[in-house]
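Now for the letters of each chain:
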Amino acid sequence: MILSILPVMVYPQFGNPAPVGTEIDAPERLQMLVREATCAEASATLSPELNGTSLSDVLTGSTGPRTIFYVSPDGKDTWSGLLQTANLQGGDGPFASIERARDAAREKGGANTIALGKGDYYLTQPIVFDARDKGLILTARCNEAPILHGGLRVGNWARQADGHWTAPLKLPPGEGVGDLFVNGMRQTRARFPDAPADGDPRKGWLFAAKCNPAIDIREGNTRFCFHAGDLPAVDDTSGLVVDIVGGYQPGSQWGNDTLPVVSIDAARRTVNTKGTGYFFTAEGSRYFLTGARDLLDAPGEWWYDLAAGELHFIPVDQSLPDSVVVAGILPTLFKLDGASGMVVSGLEFRDGAPEGSGKFYTETRGFGAIRIEHADGVKIVGNSIDNVGVGVHVTESKDAVIAGNVIAEVAGNGIYVGTNYGTFVKSNGARILSNHIHDIGKVYIETAGIWFQAADNVRIADNLIENTAQFGIAGGSLWGSTDAVYNAVIEHNVIHNANQQTADGGAIKMMGEQADPLNSTIRSNLVTGTGHLMNRVDGTFWPPGYENTSEWPSPISWAIYTDGKASGLRIEGNTLSGNVTAIGINGGWSNLVAGNVITHGSGAAFRVDDGTGRGWRPPWARPNRIEENVVSVGSDSSIVAYVNAPDLGPGFVQFARNRYSGNLNDKSFRIDPEIMRSGEFGSLGDLQKAGVDTGSVVAPPE
């Protein structure tokens, strides 16, 4: 916990379930306490409040006095920056820009603080800090709220005869408008079909057709086919983008991307795109088009004419001239490159461009409103980050602290801690504590509230994560030993409503492509409402919460799961309620699932599959153990445990001393290979006679 006043969360022990509604105390209150303790004028007098906490060294780690350089929207860069406000003579006062204050701190040398005053700061380029800024504190003045916008305020609106509004907007060379915000709300880039007014994620899509003649599956990374009559006429395809959900087949709707359109072949009903090497579409992939002037036709939609330097917008109401409109052009507002020991506290970052999480142009995925690279010991505390591409991105930097922040409405990941593809230097020792992260993946669905890889000894604790497109927390290796994770601890987090946009995701996921024990722990977390979203080829959707282990393709959803041979994990003491599948193991060995409380699930309590490790049994492997869990089964058709390990046999998993209640029957356990006398399906008694369960009981509810 980052402050001693943080509440102690109570989690259930075996046989003594705690109320499922247990919550973390209001994170925004915690954020305010961090701001009060780290604001500029409080640095000397209030720092004792941090003693004994993980932030105790934020303001006391440096030696000697600090010089404070002040910044205000009303300041001037020709002033000294040493005064909070302009003096009576008007000849001195705060700086106007953060860059000028940074340069003054470099000239001064030693330990320095930059204090931002209240007001709005509109940025047209990232502010870069480097090794010269080691130990710099960048914070707010006490009781003031600086707001940094990742773009320009738009004014001089003129209403046109067709009801559209236009405004001049000249941007730096090579820049475009990534997003448009009106009074802090993200608007919609001109699109077809129009975005659903009620926000229903099942609406507003087209669905790819089967190509005739058929194309090779890997051609699906650069083209897909459409049904006759689906697409409107688009006279100019420059700037046209397709936002599409893909996969090798409709059963793999776990990712999406925004792919620039190269051309539309009306005769062959084919859309040709700039694809990627590992993103594929297929019949049934859902999509919409965006970014062309011909698509601008609905309230809330906008389009930017790059050649003319003019913004076009259809407002929801006619109060536009009195609104605060910001064109988001920057995916990165602060870049800390080599600036070890820096502290960023008490600031609001908002209204940036959405880049940072898609597969297209993968080398640019490392944006982030705050980007930290090759900078150890950086602390990002007590900030608000809204309406950006990625909240905080940490790469190849050790011992980062990201704590007490509120991160919301981001296009991609909320927090990313990891590495650069190709160099693979690790970001070990990160602490991600007591953040409120919500409404994640507004553009890119293959994202997480917190995503980490190549990060040993990471601790993720006491975070509240809500409403994510795919994952609440996702970590581990995607590429093998180069980005492996060891000794991670994920504990005391609350995750509500994860995986609201994909066919295969969950609240907490650990990967283990390096194929050795992770020695990591997932414990004492509360997970509710993990769902899924998956369409069939004909454009209809599976019902919410649907699970059928006999059907493929079919949506998959997990509260907690291990994937990619992830082994050597302890999953213990978690409370999982109202999800689909509760706990899944896919391909790994030597995992312990113990002391968890599982209630009100619509799918299996446990799913164990050898899919990602089929035929793989290393010499150190021990069975996965599922022990001393409390499981309430909700319906007659519910599967308690589904084990699919045809290549590894019954030694892949062992059950012991679990307590089940509810509607168990002679089909509650499904095991492949068939080890029960009754066949693939059986009862708890059948499982025990087969030697796969010891000491578990079916008990009436208390």
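Not measured: the values here are computed from a predicted model.

Parameters at a glance
- Residues numbered from 1 in each chain as written.
- Predicted model: local features only at pLDDT ≥ 70, side-chain atom pairs only at ≥ 80, totals over all residues.
- Heavy atoms only, no water.
- Pairing = 2+ DSSP bridges.
- Helix = DSSP H or I, 4+ residues; strand = E, 2+ residues; numbered from the N terminus.
- Core = buried A, V, L, I, M, F, W, Y, C linked by side-chain atoms within 4.5 Å.
- Buried < 20%, exposed > 50% of the residue type's maximum accessible area, 1.4 Å probe, protein only.
- Contact = heavy atoms within 4.5 Å.
- 1 Å grid on protein atoms, 1.4 Å probe; cavity = no way out; pocket = protein on both sides within 12 Å on 5 of 7 lines; lining within 4 Å.
- Points joined across faces, edges and corners; volume = space filled by probe spheres on them.
- Nonpolar A, V, L, I, M, F, W, Y, C, P; charged D, E, K, R; others polar.
- Patch = residues over 30% accessible without salt bridge, like charges linked within 9 Å, V, L, I, M, F, W, Y side chains within 5 Å.
- Areas by Shrake-Rupley, 256 points an atom, 1.4 Å probe, with all protein chains shown as cover.
- Salt bridge = Lys/Arg side-chain N within 4 Å of Asp/Glu carboxyl O.

**Student:** Run through the sheet that holds strand E21 (residues 310-313), naming residues and quoting values.
**Tutor:** One open sheet holds the five strands; their spatial order is E8-E9-E21-E20-E12, and the pairing between them is mixed. Here the strands that pair on one side only, and so sit at the sheet edges, are strand E8 (158-159) and strand E12 (188-189). Inspection of the sheet shows E8 paired to strand E9 (residues 165-168) by two bridges, in the antiparallel sense. Bridge pairing in E9 places Arg-159 opposite Trp-165.

**Student:** Provide a residue-level description of the nonpolar core, including the pertinent values.
**Tutor:** The nonpolar side chains of a soluble globular protein tend to be buried with one another. Of all hydrophobic cores here, the largest spans 117 residues; its most connected members are Phe-129, Leu-148, Phe-334, Phe-452, Phe-606 and Phe-655. For this core, the leading source of residues is helix H2 (residues 98-108), giving four residues. Dropping the residues within four chain positions of it, Phe-334 is found in contact with Ile-98, Ile-127, Phe-129, Leu-138, Leu-148, Val-344, Leu-347, Phe-349, Ala-369, Ile-370 and Arg-371. Residues Ala-190, Ala-208, Leu-240 and Leu-259 belong to the second largest nonpolar core, which totals 21 residues.

**Student:** If you had to explain empty space enclosed by the protein to someone new, which residues and values would you point to?
**Tutor:** With a probe scaled to a water molecule rolled over the atoms, the places where space remains empty come into view. If you walk through the whole model with that rule in mind, you get four cavities of 30 Å³ or more. Of the pockets and cavities examined, the largest cavity occupies roughly 120 Å³. If you go around the largest cavity, you meet 18 residues; those closest to its centre are Ile-598, Gly-601, Gly-603, Ala-605 and Ser-632. Secondary-structure elements contributing two or more residues to the lining of the largest cavity are strand E46 (575-577), strand E49 (597-599) and strand E52 (630-633). Per element, the largest residue contribution to the lining of the largest cavity is three residues, and it comes from E52. Here the lining of the largest cavity is composed, by residue class, of ten nonpolar, eight polar and no charged.

**Student:** An account of the pairing of strand E41 (residues 504-512) is requested, with residue identities and associated values reported.
**Tutor:** Counting buried residues in E41 gives eight out of nine residues, a clear majority hidden from the surface. With five bridges connecting them, strand E38 (residues 471-477) and E41 associate as parallel partners. From the neighbouring strand, Ser-477 faces E41, where its bridge partner is Gly-512. Bridge count for E41 against strand E44 (residues 556-563) is seven bridges, and the pairing is parallel. Bridge pairing in E44 links Ile-508 to Ile-560.

**Student:** If you had to explain the environment of Gly-309 to someone new, which residues and values would you point to?
**Tutor:** Mapped onto the fold, Gly-309 is located in the loop between strand E20 (301-305) and E21. Among the residues examined, Gly-309 registers a relative accessible area of 6% and is labelled buried. Separated by 140 residues in the primary sequence, Gly-309 and Leu-169 place their C-alpha atoms 5.2 Å from one another. Sequence-distant contacts of Gly-309, defined by excluding residues within four places in its chain, comprise Ala-167, Pro-168, Leu-169, Lys-170 and Tyr-304.

**Student:** Provide a residue-level description of a nonpolar patch on the surface, including the pertinent values.
**Tutor:** A cluster of nonpolar side chains, contributed by Tyr-421, Leu-478 and Trp-479, occupies part of the molecular surface with about 360 Å² of accessible area. Along the chain, Tyr-421 turns up in the loop between strand E32 (415-418) and strand E33 (431-433). Tyr-421 gets classed as exposed once you look at its relative accessible area, which sits at 66%.

**Student:** Got a sec to walk through the sheet that holds strand E7 (residues 151-153)? Specific residues and values, please.
**Tutor:** Strand order in the open sheet made by the four strands is E7-E22-E10-E11, with antiparallel pairing throughout. On the outer flanks of this sheet lie E7 and strand E11 (185-186), each paired with one strand and no other. Pairing between E7 and strand E22 (residues 325-328): three bridges, direction antiparallel. Within the sheet, the bridge partner assigned to Arg-153 lies in E22 and is Val-326.

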